[in-house]
Amino acid sequence: VRDRDGGTFSLYTTDEADYTFVNELTGDGRLVLTLGEEMDSFMFDPSTVIGSNPFTGTAAMARGQFIFDATDKAGTGVLAGGTLELNKTGTEVGSALLDDDYFIGGLAMEGGTLRVDTNGNGSPKGILTVEDLDVDGGGTVAMHIPDSIQASQAIGTLFDDNHTPEAYQIQVVSATNTPPQ
């Protein structure tokens, strides 16, 4: 799939199934992903060729769950220069599973959910490092809080986990690009 003019390519299905994108993806357009169910997963095949014109557009999860892979862990995945957008429209929710350290170009929260896998004590298993972070659209960070912690003790910001002394103020998203003043 090649898009040099900012166009949109949509993958829409009502089938309950997981999808792996195996085609080359380049350009600066939008890939809108609407899977059959909220927990159906989407991932780019780790062998997807980046090529000389890497993808700098947006992969927008409208419904379903984005799964990072080993290339995202190395910062060389399809989204190394692109943005992952997590959307919510009505009851349809797009999400991503953060279960290790990953590096992508950007994260835009547009009402969707960032699901954070945790260790037994409630601390996150990883951090998502992005160049650009846009949280203007709001969203949810979903983490398992152990039974030993009262939910009323949960304080802090959207992207900090500070529920236990062991996990106090551990970031789950880190943005490296400083916005203009």
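The preceding data block contains the structure.
Worth saying up front: this structure is predicted, and the values here are computed from it rather than measured.

## Quick word on the pattern of salt bridges
- Inspection of every chain in the model, using the stated rule, returns 5 salt bridges.
- Ionic pairing is found between Arg 30 and Glu 85, a salt bridge with its closest N-O pair at 2.9 Å. With Arg 30 in strand 5 (residues 30–34) and Glu 85 in strand 8 (residues 83–89), this pair connects stretches of sequence that are 55 residues apart.
- On the accessibility criterion, Glu 85 (12% relative accessible area) is buried.

## Topic: the environment of Asn 177
- With respect to the helices and strands, Asn 177 occurs in the segment after strand 16 (173–175).
- For the pair Asn 177 and Leu 133, spaced 44 residues apart in the sequence, the C-alpha separation amounts to 8.2 Å.
- Within the local environment of Asn 177, its side chain forms a polar contact with the side chain of Asp 132, the two groups lying 2.5 Å apart.

Conventions we followed
- Residues numbered from 1 in each chain as written.
- Predicted model: local features only at pLDDT ≥ 70, side-chain atom pairs only at ≥ 80, totals over all residues.
- Heavy atoms only, no water.
- Salt bridge = Lys/Arg side-chain N within 4 Å of Asp/Glu carboxyl O.
- Helix = DSSP H or I, 4+ residues; strand = E, 2+ residues; numbered from the N terminus.
- Buried < 20%, exposed > 50% of the residue type's maximum accessible area, 1.4 Å probe, protein only.
- Polar contact = N/O pair within 3.5 Å; in protein donor to acceptor, adjacent residues only side chain to side chain.

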